[in-house]
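# A closer look at the structure
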Amino acid sequence: MAKELVRVLRSGELAPGRMAFVAIDGLPVALANVEGTIYAFSDSCRHEGGSLSTGVLIADSVTCPWHGWAYSVRSGKSLIPPVGLRLPTYPVVTIGDEVYIELDWDVSN
Ligand code: FES
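An account of the accompanying structure is given in this report. If you're wondering where the values come from, they're calculated on a predicted model, not measured in any experiment.

## Let's talk about the overall build of the chain
Secondary structure summary: the chain contains zero helices and 10 strands in total. Computed over C-alpha atoms, the radius of gyration of the chain comes to 13 Å, within 12% of the 13 Å expected from 2.2 N^0.38 for 109 residues, which places it in the range of a compact globule. Oriented by its inertia axes, the alpha-carbon framework of the chain measures out at about 40 × 30 × 20 Å. Considering the chain as a whole, with its 109 residues, one finds that 27% of them fall into the buried category.

## Some details on unusual backbone geometry
Following Pro81, the chain continues to Pro82 via a peptide bond in cis, the omega torsion being 0°. Summarising the element assignment, Pro82 is placed in the loop between β7 (70-72) and β8 (89-90). The phi torsion at Asp25 lies on the positive side, around 50°, for a residue other than glycine. By the secondary structure assignment, Asp25 is in the loop between β2 (19-24) and β3 (27-34). Residue Asp25 is classed as exposed on the basis of its C-beta count, with 9 C-beta atoms lying within 10 Å. The phi dihedral of Glu35 falls on the positive side, at around 50°, and the residue is not glycine. Looking at the element boundaries, Glu35 is found in the loop between β3 and β4 (37-42). The exposed category is assigned to Glu35, around which 8 C-beta atoms lie within 10 Å.

## Structural notes on the sheet that holds β4
Here we have four strands laid out as an open sheet, ordered β2-β3-β4-β8, and antiparallel in their pairing. In this open sheet, the two strands that pair with only one neighbour each are β2 and β8. Across six bridges, β2 lies against β3 in antiparallel orientation. When the sheet's bridge partners are listed, Ala23 is paired in β3 with Pro28.

## Details of the sheet that holds strand β6 (residues 61-63)
Spatially, β5-β6-β7 is the arrangement adopted by the three strands of the open sheet, whose pairing is antiparallel. The open sheet has two edge strands with one neighbour each: β5 (56-58) and β7. Sheet twist, expressed as the mean angle between neighbouring strand axes with direction ignored, is 25°. Note that β6 and β7 share three bridges and pair antiparallel. Counterpart to Thr63 in the pairing with β7 is Ala70.

## Describing the nonpolar core
Ranked by internal contacts, the top residues of the largest apolar core, which has 23 residues, are Ala30, Leu31, Ala32, Ala40 and Phe41. Sorting the residues of this core by element identifies β3, β4 and β10 (98-104) as the ones contributing at least two each.

## Section: the environment of Phe21
If you trace the backbone, Phe21 turns up in strand β2. Apart from the residues within four sequence positions on either side, Phe21 is in contact with Pro28, Ala30, Asp43, Ser51 and Ser53.

Criteria and thresholds
Residues numbered from 1 in each chain as written. Predicted model: local features only at pLDDT ≥ 70, side-chain atom pairs only at ≥ 80, totals over all residues. Helix = DSSP H or I, 4+ residues; strand = E, 2+ residues; numbered from the N terminus. Rg over C-alpha atoms; globule rule 2.2 N^0.38 Å. Buried ≥ 20, exposed ≤ 12 C-beta atoms within 10 Å, placed from the backbone. Pairing = 2+ DSSP bridges. Axes fitted to C-alpha atoms, helices over the stretch in contact; angles between N-to-C directions. Core = buried A, V, L, I, M, F, W, Y, C linked by C-beta atoms within 7 Å. Contact = placed C-beta atoms within 7 Å.

Without other data, these values stay purely geometric and don't point to any function.
Below is the structure:
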């Protein structure tokens, strides 16, 4: 497996309750700050690919701006029918002031 830590932002750059988008070698990743903890997950909605980082974040759920599908930013699980779908999620690592996500290129693409 080829695991890699990729720096995505500084810890103070994403306020609680906010989201951000990063593209890493073409992989669209959404970041969400929930009460000071940053979560990383696929930015691409499982329905038709809406950009989740432009959706609405309430507590730890994100709602897609296109047709309203909602997911847990912690687990990636869908919260409304069709349940059982899951977004890819990525471990977040903070080293000093820098925030990284861990990508496993063998399974994340
Ligand atoms: S693309 Fe996200 S709900 Fe349709």
